[in-house]
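Descriptive structure summary
Here are the chains, one letter per residue:
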Amino acid sequence: SYLFGTIKSGLFLVNESGEIQEHLSRSNGLQNNTVLSLFVDRQNNIWLGLDIGIDYLKSSLPTSVINDNFNIAATYATAVHDGRIYIGTNQGLYTKELGRIRSHIDIKYDLVEGMEGQVWNLTVKGGELLCGHHNGAFSIDGLKSRKLTNERGVWNFKEVPGREDMLISGTYDGLIILRKDRGGRWEFGNRVKGFDISSKDIHICNNNWLWVSHGYLGLFHIRLNSDLDSTAIINEYS
């Protein structure tokens, strides 16, 4: 491989065939785009002399920076599923094929259809990628989404002990149940009656008991009935 430092465009990594493998600039981590000198140390890490200082690229690590062209303010969840990486942000759910992830020349991520807005959670369950979103719960397949429920603000997806066909999700307004249909796909089951408090953090125990913590209301120890459609006991610890 060959390294080229430029005056205006940062650093290029080129293979023996002249193909650009990496392009590093201010948009993905350099202090500025003027690379005046280069040095490769014994660990194959790269030192760059810039016109405003020194940058150090630890190239031995299998990591890279998503550049400014992605244009997101906050990332809340990531997942890898069916050959794609998915990134959940405060602006929507974005995806890219894993085979293209190393190229900073082609950094564009695609917005999954219908997934604009706040993403809270990405979880793979039963072969499906599930997305917890401000507008509900979704099943994601490539660039397409399938809405499972209109319940506001789905925070998470938790397995029900001993039930591979059921999940509990915390929402802005309490708890919901997801179930697998006859085709093995996740669908909305029911809302859990008797508890309408935001349930961002959940821990599920045996015998239908679960703990829910709230940012300022405290901790709740809840037992659901056998059908998982309502609460049987609620103990509150403020």
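This text follows the structure it describes.
Because the structure is predicted, anything quoted here is derived from the model rather than measured.

Cut-off values and rules
- Residue numbers restart at each chain and count upward from 1, following the sequence in its written direction.
- Only residues with pLDDT of 70 or above have their local features reported here, since the model is predicted, and side-chain atom pairs are shown and tallied only from 80 upward, although totals for entire chains, interfaces and linings are computed over all residues.
- Side-chain numbers here rest on the full set of heavy atoms in the structure, without hydrogens or water.
- Strand pairing is assigned whenever DSSP identifies at least 2 bridges connecting the two strands.
- Put simply, DSSP marks the helices as runs of H or I at least four residues long and the strands as runs of E at least two long, and each gets a number from the N terminus on.
- To get an axis, a line is fitted to the C-alpha atoms, and for a helix only the part in contact is used. The angle between two axes follows their N-to-C directions and goes from 0 to 180 degrees.
- Within this document, salt bridges are pairs made up of a side-chain nitrogen of Lys or Arg and a carboxyl oxygen of Asp or Glu, the two lying within 4 Å of each other.
- The classification of residues rests on relative accessible area computed with a 1.4 Å probe and restricted to protein chains. Under 20% of the type maximum is buried, over 50% is exposed, and intermediate values are partly exposed.

**Re the sheet that holds strand S3 (residues 20–24)**
- The strand order across the open sheet formed by three strands is S1-S2-S3, and the pairing between neighbours is antiparallel. Edge positions in the sheet fall to strand S1 (2–5) and S3, since each of these pairs with one other strand and no more. Taken over all neighbouring pairs, the strand axes of this sheet differ in orientation by 20° on average, direction set aside.

**Observations concerning the pattern of salt bridges**
- For the structure shown, the criterion picks out seven salt bridges.
- Two residues, arginine 152 and aspartate 173, come together in a salt bridge whose shortest N-O distance is 3.2 Å. Of this pair, arginine 152 sits in the loop between strand S14 (144–149) and strand S15 (158–160) while aspartate 173 sits in the loop between strand S16 (163–171) and strand S17 (174–180), and the two are 21 residues apart along the sequence.
- For arginine 152, a relative accessible area of 44% corresponds to the partly exposed category.
- Assessed through its relative accessible area of 23%, aspartate 173 is described here as partly exposed.

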